[in-house]
Structures are given as structure tokens and as C-alpha cells.
Amino acid sequence: MFRRSVAPGVEIVVYFAPNTEQGFVDALTTAANDKVNAPSVISISWGGPENSWTSQAMTQIENACAAAVAMGVTVTAAAGDNGSTDGVSDGKQHTDFPASAPHALACGGTSLQASGGTIGSEVVWNDGSTGGATGGGISDVWPVPSYQSSVTLPPSVNDGGIRRGMPDVAGDADPQTGWTVRVDGQTTPIGGTSAVAPLWAGLLAVCNRALGRKLGFVQPLLYAASAQATFHDITQGDNGAYSAARGWDACTGLGSPNASALLAVLKAGG
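Asks: Mind showing me how you'd approach the layout of surface pockets here?
Replies: Space left empty within the atom packing is revealed by a probe, the size of a water molecule, rolled over the atoms. By volume, the second largest pocket is sized at about 310 Å³. Considering the residues around the second largest pocket, the lining is formed by 15 residues, among which Leu-112, Asp-172, Trp-179, Leu-199 and Pro-257 are closest to the centre. Of all elements in the fold, only β6 (118-124), β9 (169-172), α3 (193-211) and β13 (256-257) reach the threshold of two or more residues within the lining of the second largest pocket. In terms of residue class, the lining of the second largest pocket is built from 8 nonpolar, 5 polar and 2 charged.

Asks: Just to check I follow, could you spell out the pairing of strand β10 (residues 179-183) for this structure?
Replies: Regular strands place side chains that alternate from one sheet face to the opposite one. Inspection of the sheet shows β10 paired to strand β11 (residues 186-190) by 5 bridges, in the antiparallel sense. Pairing of Thr-180 across the sheet is with Pro-189, part of β11. Counting the residues between successive antiparallel strands, the hairpin from β10 to β11 contains 2 residues, one of them, Asp-184, with a positive phi of roughly 50°.

Asks: Can you help me understand the state of the cysteines in this one?
Replies: Working definition of a disulfide: a covalent bond connecting the sulfur atoms of two cysteines. For the structure on display, the rule yields 0 disulfides. Considering cysteine sulfurs only, Cys-65 is the nearest to Cys-107, which forms no disulfide, with 12 Å between them. In this structure Cys-251 is a free cysteine whose sulfur lies 15 Å from that of Cys-107, the closest cysteine sulfur available.

Asks: Hey, could you run me through the packing of α3 against helix α5 (residues 259-267) in this one?
Replies: Any two packed helices are characterised by the angle at which their axes cross and by the distance between the axes. Close contact between α3 and α5 brings their axes to 10 Å; oriented N to C, the two are set at 45°. Between α3 and α5, the angle is such that the two are oblique. Along this stretch, α3 crosses α5, giving a crossing that reads as right-handed. Side by side, α3 and α5 meet where Trp-200, Leu-203, Cys-207, Ala-210 and Leu-211 of the first sit next to Ala-259, Leu-262, Leu-263, Leu-266 and Lys-267 of the second. For the contact of α3 with α5, the class distribution of residues is 9 nonpolar, no polar and 1 charged.

Asks: Would you mind going over the pattern of salt bridges with me for this structure?
Replies: Should their charged atoms come close, side chains of opposite charge can pair. Inspection of the entire model under this criterion finds 3 salt bridges. Between Arg-163 and Asp-140 there is a salt bridge; the shortest N-O distance is 3.5 Å. Taken as a pair, Arg-163 in the loop between β7 (137-138) and β8 (165-166) and Asp-140 in the loop between β7 and β8 lie far apart in primary sequence, 23 residues in all. Given the relative accessible area of 14%, Arg-163 is considered buried. Each of the salt bridges in this network shares a partner with another, and the network as a whole consists of Asp-140, Asp-159 and Arg-163.

Asks: Looking at this model, I keep getting lost on the nonpolar core. Mind explaining?
Replies: Proteins that are soluble and globular tend to have nonpolar side chains buried together. Residues Leu-105, Val-169, Trp-200, Leu-204, Leu-215, Leu-222 and Trp-248 are the most contacted members of the largest nonpolar core, which totals 38 residues. Contributions of two or more residues to this core are made by β5 (105-115), α3, α4 (219-225) and α5. Counting 25 residues, the second-largest nonpolar core is a separate cluster that includes Phe-24, Leu-28, Met-58 and Ala-101.

Scoring rules and cut-offs
Residues numbered from 1 in each chain as written. Predicted model: local features only at pLDDT ≥ 70, side-chain atom pairs only at ≥ 80, totals over all residues. Heavy atoms only, no water. 1 Å grid on protein atoms, 1.4 Å probe; cavity = no way out; pocket = protein on both sides within 12 Å on 5 of 7 lines; lining within 4 Å. Points joined across faces, edges and corners; volume = space filled by probe spheres on them. Helix = DSSP H or I, 4+ residues; strand = E, 2+ residues; numbered from the N terminus. Nonpolar A, V, L, I, M, F, W, Y, C, P; charged D, E, K, R; others polar. Pairing = 2+ DSSP bridges. Disulfide = S-S within 2.5 Å. Axes fitted to C-alpha atoms, helices over the stretch in contact; angles between N-to-C directions. Parallel < 35°, antiparallel > 145°, perpendicular 65-115°, else oblique. Left-handed = near helix turned anticlockwise from the far one by under 90°. Contact = heavy atoms within 4.5 Å. Salt bridge = Lys/Arg side-chain N within 4 Å of Asp/Glu carboxyl O. Buried < 20%, exposed > 50% of the residue type's maximum accessible area, 1.4 Å probe, protein only. Core = buried A, V, L, I, M, F, W, Y, C linked by side-chain atoms within 4.5 Å.

Remember, this is a structural readout, not a statement about activity or role.
Below you can see the structure in the form of C-alpha cells.
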């Protein structure tokens, strides 16, 4: 077990599994059903383009995410670090899975400039082909989930279809402005949406503790709260094929969190 500064006092358990589709399913189901540690949030910083998965594995993982949230366990997942193509060079745009799973909270990335605790600017994280960019877009697989019925989803640039949009939320993912970590005695900033998923996991764990209950399927609450100044709306930048806009967009979702405002909304019942 480990502890982190994002969520002081919250215990972290790491689950190891083979780097295979079945290993991924096993790790997720094991964590969700862990009666000893009883996690309230599962954070996933690994994934791949939807077209790199078998349909069977995608169904199994989505079912595992749905089972987890039914038990009160929120699943956060990184949206990818290779822009709207997700690193695939076939001329199409691709969303990252398992972040695109309807029962996963997809976490995209921003580039944040701040001073003295005050945000100076926050835009879509996009350092170009050599530096990485947040994933996001319209799924080729999953239909629009009910919690996204209140937002305007852009048509897929692949086929014009309206399906599950991602990410849902965002946080600082720029390696130049990201999170300070200490590895092997060295302090260094890191980034990527792999850092945003645990950021949101830590935030939700703190909310769970403050609320005295598990939020579980938090997506409907977050989308309902989006009109209550609980997010920093990101309106500048793009991830390749998709651009930021007011409200939800396919680069940074609802935006980055205003944590205290979000907690207040959740305490009031969402």
C-alpha cells in the first residue's frame, strides 16, 4: 500500500496482472471484488485504440466496469496521449479503450499555467506529434450513453455517426506543467492522461470520504453538475480532428475540476 499527496490519508492498492486482454479483465474484476481493501475508485492509466481490441474483450471490460460501478466503485481511465488518432496511422481518428467504455470515466488532458494558486490559462494539451496530445473523439463502437444526452456531441469525423463521446473530464496532462513526482530519489514533473486518471481517482476518493458514501456511477452526477460552475471550461486548443468549445467538447470533456465547488454540489445531492 502507498499514500499520495493528491488524496492525503487515502490508501492505494496496486493490482498486477499479465499484459493481455484477459489479464486486464482479471485485474479489473479482482480490484472491484476485493473485500479486504474495498476500493471506492479504480484508476486505469493504460489502454489502446479501440480497433486494437477484440470485441469480446471490449464487452468483457465494459461489463466489468458496469459491475464495479454497481458496487459503488468508480472507474477512471486515461483518454490517451496521442491526439485524436490515438497513434494509429490509417487516416482515421480513434478513441482509446477502456476510456471509451460507457461505464468508465474518461480523463483527458489540459496544459495549465498557474501562479500563486491562480489559474492564468488552461488550454487543450497538444504538444504536436513529438510531444503528445490528449486523446478524445467519438467512439466507433459504443452508442451514446444516457448521461451524455444533455450535451451536444459532434459527429464522428470518420463516418458522421453520433456515438459515445470522450473524454468526460480533464486535468493537467502537459509534461511541462504537470505533476511533481519523486522517482529513485529524483524529483521531476510528469504528464500524460495517465496522470489525470489517478488525479480524478484521488479527488473522488476524497469526495467519497467527505460524503461518507461511495459515489460509484458518478458520470450522471458530473454531467448534471456541469452547469453549476463545478468545472473550468476549456475553450481553446485542439487534439487534431476535434477542437475545444464552450461546454462539453471532444478534447477536454466537461473541463477540469473546481474541486471545492464539485464537492459542494455532490453534498447537495448532485
